[in-house]
Amino acid sequence: MNCLETMWRFVQTGGPIMIPLVLISIWMWYLIVQKLLWIFRIRRYPLKISEALNVMAAPPKQLGGHDTPRSGALNYFLGQRRFNPEPDRIMWEVAVKRQLFPLNRHMAAILVLATVAPLLGLLGTVTGMVDTFRVIGVQGASNPQALASGIKEALITTQTGLLIAIPGLLAGQTLRKMIRNIQGDLMIFYRAVDQWLERNTPHV
């Protein structure tokens with residue numbers, strides 16, 4: 001309880017800009033955690049190329065297991081397959097490309113939120129300094145407590161914006177690197193299945 005009270009006093013000291021900063025932080029870390037959980041699930045339940053080729057040889061109506069980019073592409077292809085070499089290879093390419101968009105889902109939002117945070121902090125700095133100069137204009141420099149309040153608001157919002165932005169950008173870049181690795185893995189999977197289709201699909 002004391003921790004929450006301390007945090008609330010910190011937010012109050014930072015002024016009204018602290019509210020959107022807190023909301024941005026919560027939203028950004030929610031998206032980061034969701035993306036991380038999704039990536040870990042993909043890595044935990046991989047669909048091996050050998051398993052996919054076995055399914056291609058005797059395809060079920062729907063591939064069981066967990067929803068990953070590999071299984072998602074294969075499931076879509078199995079539902080659209082025509083057992084004709086060229087149409088099937090085109091459909092397989094479409095099936096894989098359909099999986100590329102979910103890989104990058106939320107990434108733009110995470111990076112935008114991390115970029116906006118220090119800008120909001122800078123806005124809080126400006127409003128805090130404006131309040132400080134307003135106090136100086138009304139009361140002169142004889143009220144150090146009022147001056148300190150404006151300066152404190154300016155510094156706290158700047159600090160908070162940077163504390164949100166720096167780890168957010170680091171997390172975003174780490175996620176982007178992990179996604180690039182998954183994309184490369186998906187392309188290897190695509191080429192392996194495509195070659196199998198070229199060799200094994202009977203010509204009509």
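Refer to the structure presented above.
### Quick notes on the overall build of the protein
So, point 1. Regarding its fold elements, the protein presents eight helices and zero strands.
So, point 2. Scanning the protein from its N terminus toward the C terminus, one meets helices and strands in the order α-α-α-α-α-α-α-α.
So, point 3. Counting all 204 residues of the protein, 38% fall into the buried class.
So, point 4. Of the roughly 12,200 Å² of accessible surface on the protein, a fraction of 65% belongs to carbon and sulfur atoms.

### Observations regarding unusual backbone geometry
So, point 1. Residue H106 is not a glycine yet carries a positive backbone phi of 80°.
So, point 2. What makes H106 partly exposed here is its relative accessible area of 34%.

### Details of the packing of aromatic side chains
So, point 1. Tallied over the entire structure, the rule returns three aromatic pairs.
So, point 2. Here the aromatic rings of W92 and Y190 are separated by 6.4 Å at their centres, their planes lie at 15°, and the arrangement is stacked. One end of the pair, W92, is in helix α5 (residues 85–97); the other, Y190, is in helix α8 (residues 144–200), with 98 residues separating them in the sequence. Of the two residues, W92 and Y190, both sit in the buried class.
So, point 3. Within the aromatic cluster, the residues linked to one another by ring pairs are F77, W92, F189 and Y190.
So, point 4. The ring of W38 carries K35 above its face, with NZ or CZ at 4.6 Å from the centroid.

### Points about a nonpolar patch on the surface
So, point 1. Together, M129, F133, I151 and L155 make up an exposed nonpolar region whose accessible area comes to about 390 Å².
So, point 2. Within the residue set of the nonpolar patch, elements represented by two or more residues are α7 (107–139) and α8.
So, point 3. By the secondary structure assignment, I151 is in helix α8.
So, point 4. On the basis of relative accessibility, which here comes to 38%, the residue I151 falls in the partly exposed class.

The rules behind the values
- Residues numbered from 1 in each chain as written.
- Predicted model: local features only at pLDDT ≥ 70, side-chain atom pairs only at ≥ 80, totals over all residues.
- Heavy atoms only, no water.
- Helix = DSSP H or I, 4+ residues; strand = E, 2+ residues; numbered from the N terminus.
- Buried < 20%, exposed > 50% of the residue type's maximum accessible area, 1.4 Å probe, protein only.
- Areas by Shrake-Rupley, 256 points an atom, 1.4 Å probe, with all protein chains shown as cover.
- Phe/Tyr/Trp six-rings, centres within 6.5 Å; stacked < 30°, edge-to-face > 60°.
- Lys NZ or Arg CZ within 6 Å of the ring centre and 35° of its normal.
- Patch = residues over 30% accessible without salt bridge, like charges linked within 9 Å, V, L, I, M, F, W, Y side chains within 5 Å.
- Salt bridge = Lys/Arg side-chain N within 4 Å of Asp/Glu carboxyl O.

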